[in-house]
Amino acid sequence: MKRFLPYIAVAFFASVPLWLQDQYFLHTLVVSGIFMLAAMSLNLLLGYTGQLSLGHVAFFGIGAYVSALTSLGFSVSIFGFQITHEPWPPVVGVILGTLVAGICGYLIGKLAFRVRGAYFVIVSISFAEVVRLVALNWVELTNGPLALPGIPPLTIGFEWTGYATLWGKAQNYYVVLVAIIIAYVIIKRLVYSPFGRAMIALRENETLAMSVGISVTKYLVLAAIFAGAMAGTAGGLYAHYIQIIDPMVFMFLNTVTMVIMVITGGKGTLAGPLVGGLIFGLAPVVLRSYVGPELQWILYGLLMILIVFVLPDGIVPAIERWFGRSSGNADDQRPLTLETSKAPQS
Amino acid sequence: MNAETTSRQPILAIEHVAVHFGGLIAISDMNFHVGEGELVSLIGPNGAGKTTAFNVITGFLKPTKGRVTFRGTSLNGLKPHEVTSLGLVRTFQRTSVFDKITVFENVLIGLHRRTAASLFGTLMSLPKERNAEAALREQAWEILKLVGIDHQADELGGSLPYGDQRLLGVALALAADPSALLLDEPVSGMNASETARFVSLLNKLRAKGKTILLVEHDMPMVMGVSDRIVVLNYGRIIANGTPSEIQNDPEVIQAYLGQGVKHA
Ligand SMILES: Nc1ncnc2c1ncn2[C@@H]1O[C@H](COP(=O)(O)OP(=O)(O)OP(=O)(O)O)[C@@H](O)[C@H]1O
Ligand SMILES: [Mg+2]
């Protein structure tokens with residue numbers, strides 16, 4: 001059953017645009033999906049290596065700006081040189097946004113993981129603030145607080161097939177769904193490999209991990225590269241879907257949203273950020289139809305506190321434990337462990 | 001100090017090593033060698049500096065003075081994982097296993113050094129990587145069987161009885177493919193039959209040609225398994241010789257009588 005769950009979930013979510021009438025709800029699903037993608041990337045760091053990045057929105061915002069500027073084109077002068085960039089297709093923008101955010105992940109990782117713990121938290125917050133200030137003040141490039149409007153929506157296709165522009169919500173919904181599936185597969189393969197085991201080992205007992213030959217910086221930086229790149233992809237998708245971005249994308253609340261999604265869903269689990277992301281992405285919309293805006297945020301906060309208090313490991317590990325107990329399947333009772341010895345019995 | 005009584009090729013050399021913690025001199029001018037395939041025990045009363053010596057050798061602590069070389073490579077300034085990658089692997093005095101992870105996965109993590117997986121192949125789930133993973137699992141089983149905890153493969157590391165956690169610690173070190181193994185009080189807290197089993201494991205490892213440096217308070221065991229014994233007292237080596245030489249060394253007897261021998 002557990003094995004088929006991801007396929008059932010994909011089939012269900014693929015069907016949603018076919019029967020969902022409420023366009024606003026569909027829009028919320030697209031935006032939630034984009035944040036779920038960002039939360040998945042944060043989970044790689046927070047959940048699997050145990051490093052808290054409180055500036056994670058920086059990678060998201062960098063992906064958004066790089067992707068937007070690549071597809072809009074720009075002209076800036078740097079040290080007297082005029083640099084002009086002609087607009088490129090949005091898909092190229094998203095790819096570049098992913099790469100640049102991944103490179104930023106590498107640099108931040110190299111810089112911050114010399115010392116870890118609180119130091120990394122501070123470096124990551126500072127990094128996000130620096131990037132926000134650049135976006136705010138480099139008006140020639142980013143338009144500053146006036147925002148970058150008119151970002152073109154994604155187009156798909158090739159020269160010989162012709163291009164289709166993804167204006168609609170349903171089309172963007174499927175793009176995000178596919179992106180989440182790809183990210184899920186990448187993360188799954190990574191964490192179930194020797195690479196992911198090294199990350200988990202560092203989280204569980206760094207001294208012991210080093211003693212068996214695991215390089216601390218190598219694997220933390222690797223996680224930061226993947227986390228940065230995936231958050232960059234999410235940012236790129238966001239820019240082309242919303243079609244306008246301003247320095248507000250860097251606001252701390254966006255990082256907090258990602259952290260909440262990861263922690264309530266279950267950090268260090270594959271499905272955690274998805275479950276947490278669905279709940280906290282949709283909660284505002286669902287609550288909105290019943291209560292006023294002020295009460296809505298209070299309830300949102302209460303929901304979060306309730307989940308963290310009742311299920312400190314998060315929802316997914318709790319469900320796994322519950323099913324593990326009722327079916328007597330011992331393997332599922334261990335949320336932190338990845339797999340058992342089953343494979344080759346000799 | 002007695003002359004080195006080994007005729008084997010020395011592979012691990014500790015030369016003029018000193019460690020100061022502020023005013024406290026944990027080790028002063030330590031010199032000794034371990035030969036290829038030799039089992040050397042490092043003994044001494046509590047606080048003598050044995051664990052500190054391990055920390056220096058394996059890169060967890062920078063010596064105030066002196067140097068350590070392993071197979072001709074200077075270990076000074078190397079990080080712990082770099083020392084391990086040379087084939088010099090340690091265990092810890094305080095029990096150290098991955099508590100919340102199964103015994104089997106503990107060993108899989110320990111096998112890190114033996115993995116051949118590439119990042120690209122992993123993301124693409126290529127056959128080479130899948131085969132490498134299967135081979136790794138076979139190796140994990142072999143190590144669990146060698147150490148004798150294979151029947152507990154699916155238990156969490158932290159839920160094992162104390163003695164078995166000690167064994168898991170050794171399994172983790174063995175997984176890292178050491179040519180030289182440093183064991184810090186491996187049988188502390190084990191009962192007599194567990195200790196006897198551990199001695200037979202030591203003998204198996206020796207038969208495989210592993211070089212072993214052992215820190216242990218269990219004197220009958222030390223006397224039984226060691227080729228040579230180095231005695232440390234207050235950070236200074238006071239004797240270095242065969243078990244029978246050590247047992248009759250007046251300075252050693254004095255050091256131990258002064259402190260009382262601690263038996264496991
Ligand atoms: N990090 C440290 N900071 C300060 N002093 C230390 C530190 N580590 C060890 N010491 C001191 O150095 C001395 C040697 O300690 P060490 O742990 O090496 O002894 P040991 O021979 O392993 O003893 P035991 O048999 O009890 O394990 C002790 O006096 C100890 O208190
Ligand atoms: Mg000690």
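Predicted, not measured: the structure shown is a model, and the values here were computed from it.

## Quick notes on the overall build of chain A
The helix and strand inventory of chain A stands at 14 helices and four strands. Taking 346 residues into account, the globule formula puts the C-alpha radius of gyration at 20 Å, and chain A, at 21 Å, falls close to it. Seen along its three principal axes, the alpha-carbon backbone of chain A occupies a region of about 65 × 50 × 50 Å. Out of the 346 residues belonging to chain A, those deemed buried represent 52%. Counting contacts in chain A only where the partners sit at least 6 residues apart, residues at least 24 apart contribute 72% of the total. Counting every atom, chain A has about 16,000 Å² of accessible surface; 71% of that belongs to carbon and sulfur. Across chain A, the 18 positively charged side chains and the 14 negatively charged ones have centroids separated by 10 Å.

## Some words on the pairing of strand β10 (residues 236-241) of chain B
All names here are of chain B. Where burial is concerned, most of β10 is hidden: five out of the six residues are buried. Pairing of strand β9 (residues 228-233) with β10 involves five bridges; the strand directions are antiparallel. Within β10, the residue paired with L232 across the bridge is I237. As consecutive antiparallel partners, β9 and β10 are separated by two residues, and within that stretch Y234 has a phi angle of approximately 45°, a positive value.

## Structural notes on the interface of chain A and chain B
Where interface size is given, it is often the accessible area lost as the parts come together that is meant. Every contact between the two is made by 37 residues of chain A and, on the other side, 40 residues of chain B. Overall, the association of chain A and chain B removes approximately 3,400 Å² of surface from exposure, summing both partners, and the carbon and sulfur fraction of that is 63%. For the pair chain A and chain B, the number of links is one salt bridge. If you look at where chain A meets chain B, you find five residue pairs in polar contact (both at pLDDT 80 or more). Mapped onto the side of chain A that touches chain B, the elements with two or more residues apiece are α7 (169-191), α8 (194-204), α9 (206-211) and α10 (216-242) of chain A.

## So, helix α7 (residues 192-207) of chain B
Residues and elements named next belong to chain B. Relative to the 22 Å expected for 16 residues at 1.5 Å per residue, α7 spans 23 Å between its end C-alpha atoms, a close match to the ideal helical length. Restricting attention to buried positions, one finds in α7 the residues T195, F198, L201, L202 and L205. The buried residues of α7 occupy an angular sector of 110° when projected down its axis, which confines them to one face. Opposite its buried face, α7 presents the exposed residues A192, S193 and A207, each directed more than 90 degrees away. Looking one or two places after α7, you find G209, whose phi comes out positive at around 85°.

## Here's the deal with the pattern of salt bridges
Side-chain pairs of opposite charge can arise whenever the charged atoms involved come near each other. Counted according to the given criterion, the structure contains 10 salt bridges over all chains. Here R203(A) makes a salt bridge to E204(A), at a shortest N to O gap of 3.1 Å.

## Quick word on the coordination of the magnesium ion (ligand 2)
Residues and elements named next belong to chain B. Taken together, the protein ligands of the magnesium ion (ligand 2) are T51 (OG1) and Q93 (OE1), with distances of 1.9 to 2.0 Å. Note that T51 is positioned in helix α1 (residues 50-57) and Q93 in the loop between β6 (88-90) and α3 (103-110), a separation of 42 residues in sequence. Accessibility expressed as a relative area gives 25% for T51, which makes it partly exposed.

## A word on the confidence of the model for chain B
Residue and element names in this part refer to chain B. Taken over all residues, the pLDDT of chain B has a mean of 90, while the share at 70 or more is 94%. At the level of individual helices and strands, chain B shows its lowest average pLDDT in helix α10 (residues 250-259), which scores 76, and its highest in β6, which scores 97. Low pLDDT, under 50, characterises residues 1-6; the predicted model gives this stretch 17 contacts beyond four residues in sequence or across chains.

## So, the packing of helix α4 (residues 90-112) of chain A against α10(A)
Residues and elements named next belong to chain A. Two elements in contact, α4 and α10, have axes separated by 7 Å at closest approach and are oriented at 150°. Where α4 crosses over α10, the two elements pack in a sense that is right-handed. On α10, the residues that touch P90, V94, G97, T98, A101, G102, G105, Y106, G109 and K110 of α4 are V221, A224, I225, G228, A229, G232, T233, G236, L237 and H240. For the contact of α4 with α10, the per-class residue count stands at nine nonpolar, 10 polar and one charged.

## Considerations on the site of ligand 1
All names here are of chain B. Close to ligand 1 lie 13 residues, the nearest being K50, T51, T52, Q93 and H217. The backbone of A48 places a nitrogen or oxygen atom 3.2 Å from an oxygen atom of ligand 1. G49 places a main-chain nitrogen or oxygen 2.9 Å from an oxygen atom of ligand 1. A total of 630 Å² of accessible area belongs to ligand 1 in isolation, and the protein chains cover 61% of it. No other element matches the three residues that α1 contributes to the shell around ligand 1. Of the residues assigned to the shell around ligand 1, the class counts are four nonpolar, seven polar and two charged.

## Considerations on a positive patch on the surface
Taken together, K110(A), R114(A), K62(B) and K79(B) make up a surface patch of like positive charges. Tracing the backbone through its elements, the reader meets K62(B) in the loop between α1 and β4 (65-70).

## A look at the sheet that holds β10(B)
Residues and elements named next belong to chain B. The mixed open sheet is built from six strands, whose spatial order is β6-β7-β8-β3-β9-β10. Only two strands of the sheet have a single partner each, and these edge strands are β6 and β10. Each adjacent strand pair in this sheet contributes to an overall mean axis angle of 15°, direction not counted. Across the sheet, α1 lies against β3 (39-43), β6, β7 (180-184), β8 (211-215) and β9, angled at about 145° from β7, the strand it touches most. This element, helix α6 (residues 162-175), spans β6 and β7 of the sheet and lies at about 160° to β7.

## A word on the pairing of strand β2 (residues 24-35) of chain B
For strand β1 (residues 10-21) of chain B and β2(B), the ladder comprises eight bridges, and the chain directions are antiparallel. Bridging from a neighbouring strand, P10(B) pairs with G35(B) of β2(B).

## Observations concerning the domain arrangement of chain B
Residues and elements named next belong to chain B. Entries for chain B in the domain assignment read domain 1 (10-97 + 177-261) and domain 2 (99-159). Taken over C-alpha atoms, the centre of domain 1 sits 29 Å from the centre of domain 2. Summed over both partners, the interface of domain 1 with domain 2 buries about 780 Å², with 52% contributed by carbon and sulfur atoms. Of all residues in domain 1, V97, D177 and L201 give up the largest surface area on contact with domain 2, accounting jointly for 59% of the area buried on that side. The interface formed by domain 1 and domain 2 holds zero salt bridges in total. The tally of links between domain 1 and domain 2 comes to four residue pairs in polar contact (both at pLDDT 80 or more).

Reading the values: rules and limits
- Residues numbered from 1 in each chain as written.
- Chains lettered and ligands numbered in written order.
- Predicted model: local features only at pLDDT ≥ 70, side-chain atom pairs only at ≥ 80, totals over all residues.
- Heavy atoms only, no water.
- Helix = DSSP H or I, 4+ residues; strand = E, 2+ residues; numbered from the N terminus.
- Rg over C-alpha atoms; globule rule 2.2 N^0.38 Å.
- Buried < 20%, exposed > 50% of the residue type's maximum accessible area, 1.4 Å probe, protein only.
- Contact = heavy atoms within 4.5 Å.
- Areas by Shrake-Rupley, 256 points an atom, 1.4 Å probe, with all protein chains shown as cover.
- Lys, Arg positive; Asp, Glu negative; His and termini not counted.
- Charge placed at Lys NZ, Arg CZ, Asp CG, Glu CD.
- Pairing = 2+ DSSP bridges.
- Buried area = accessible area lost by both parts, 1.4 Å probe.
- Salt bridge = Lys/Arg side-chain N within 4 Å of Asp/Glu carboxyl O.
- Polar contact = N/O pair within 3.5 Å; in protein donor to acceptor, adjacent residues only side chain to side chain.
- Expected span 1.5 Å × (residues − 1).
- Arc of directions from axis to C-beta.
- Donors = N, O, S within 2.8 Å, 3.2 Å for Na, K, Ca; no water.
- pLDDT = per-residue confidence, 0-100.
- Axes fitted to C-alpha atoms, helices over the stretch in contact; angles between N-to-C directions.
- Left-handed = near helix turned anticlockwise from the far one by under 90°.
- Nonpolar A, V, L, I, M, F, W, Y, C, P; charged D, E, K, R; others polar.
- Near = heavy atom within 4 Å.
- Patch = residues over 30% accessible without salt bridge, like charges linked within 9 Å, V, L, I, M, F, W, Y side chains within 5 Å.
- Domains from an automatic or database assignment.

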